[in-house]
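So the chains spell out like this:
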Amino acid sequence: MFLPEINNLEIKKVSEDILLIHQKKQPFFFSCCDGLLILPKKGRNNSTISLDLNIEQIYVNQLNDIYGPVSDYVCSHGHLDHTCHVHAWEEIGAVIHAPHPEAKYLLDLNNFYKGFGFDEALDYETVEKFANLNGYQPCDQVKIFNPGDILQFNNYKIDTISFSGHSKAHVGFFLPDERVIHISCLGFDKPNPEIEGFGPWYGFRDASISQYEEDIKKAEKIFIQKAKFLTSSHSYIVKNPDIHPFEYMRGKIKTNQDKVDNAQNLPHLKEKSENEVIEELLKMDLFFPKKKLKGLVFEIYRFWEYWIIRKHLKRNLNFKSKKF
Ligand SMILES: [Zn+2]
């Protein structure tokens, strides 16, 4: 199959009629994610389906000119890098599907603000500015599904897989016909085998590291037993039996835990309360270079790091047994 050249897009073939697409340069930190285009096939799906491909409108339009009409768009969860430009798919006529309970974040930024607990720490204006910098625009309508549901488009079935450690609604996808598992934002974020990313992301109140570990196990089992290919929101294509993604994700969580364990052991933190320890650890820039950040970017990263540290502290046995 001939692959078109589109400036700023990387288009790769996963199978004969499934493409993985990546927007190279992005307007801001959390604007876009890679996703799949499932092209029409006789007896399967009559029109193209876009799977969690959140890219800027200009590219949506170009892809639609080549591969359209796109009848359906499936969103994996409510984080900004998966919601900002979904309206562009709606504008070209696609029905938008998104998982409960984050589907409504696509309709109104206020739902995103409250749903992820930003309202406990940040002004709405800060989050609104951040969303605008990333290009967020709301959708008019969303069809809600439950994580774990099977979605059907003509004769084509897509399994959604709940990976709720990352966020409550977060789903991956399994395409049984082509044996592709798309793990969405589970935390395999290497653009190529040589470059490291951040790894699993749990910088939110409702994220869970222990659930993350279960999700990684679940994804690994599906990959080993049923899949030929693994794709994700921010990575290259991995072929079975390469289990590097799972080792990478577990390794990242372990390294993060070690960072927090070592830091909280420092003598001057011994008699401090949990909140005081978190404040001290935040000053150490364990995860993000916050000393170099300013304004709303600083505030948002501080918010994320607060939750990452707090979740690791809760897992530290010595810390748990401390009396305050
Ligand atoms: Zn995410």
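Here the structure is shown first, and the text comes after it.
Residues numbered from 1 in each chain as written. Predicted model: local features only at pLDDT ≥ 70, side-chain atom pairs only at ≥ 80, totals over all residues.

Points about the nonpolar core
- Of all hydrophobic cores here, the largest spans 77 residues; its most connected members are Leu36, Tyr73, Trp89, Ile96, Leu106, Ile181 and Leu186.
- Here this core takes five residues from helix 8 (residues 295–315), the largest share from any one element.
- Not counting the four nearest positions on each side in its chain, Ile96 is found in contact with Tyr73, Cys75, Val86, Trp89, Glu90, Leu106, Cys139, Gln141, Val142 and Lys143. (Core = buried A, V, L, I, M, F, W, Y, C linked by C-beta atoms within 7 Å. Buried ≥ 20, exposed ≤ 12 C-beta atoms within 10 Å, placed from the backbone. Helix = DSSP H or I, 4+ residues; strand = E, 2+ residues; numbered from the N terminus. Contact = placed C-beta atoms within 7 Å.)

Considerations on the pairing of strand 10 (residues 171–175)
- Counting buried residues along strand 10, five of its five residues qualify, which places the element largely inside the surrounding structure.
- Burial along strand 10 is two-sided: Val171, Phe173 and Leu175 facing one way and Gly172 and Phe174 facing the other are all buried.
- In the sheet, strand 9 (residues 156–162) pairs with strand 10 via four bridges, with the strands oriented antiparallel. Bridged to Thr160 within strand 10 is Phe173.
- As defined by bridge partners, strand 10 adjoins strand 11 (residues 180–182) across three bridges and the pair is classed as antiparallel. Bridging across to strand 11, Phe174 finds its partner in Ile181.
- Between strand 10 and strand 11, which pair antiparallel one after the other, the connecting turn spans four residues, and Arg179 there sits at a positive phi close to 55°. (Pairing = 2+ DSSP bridges.)

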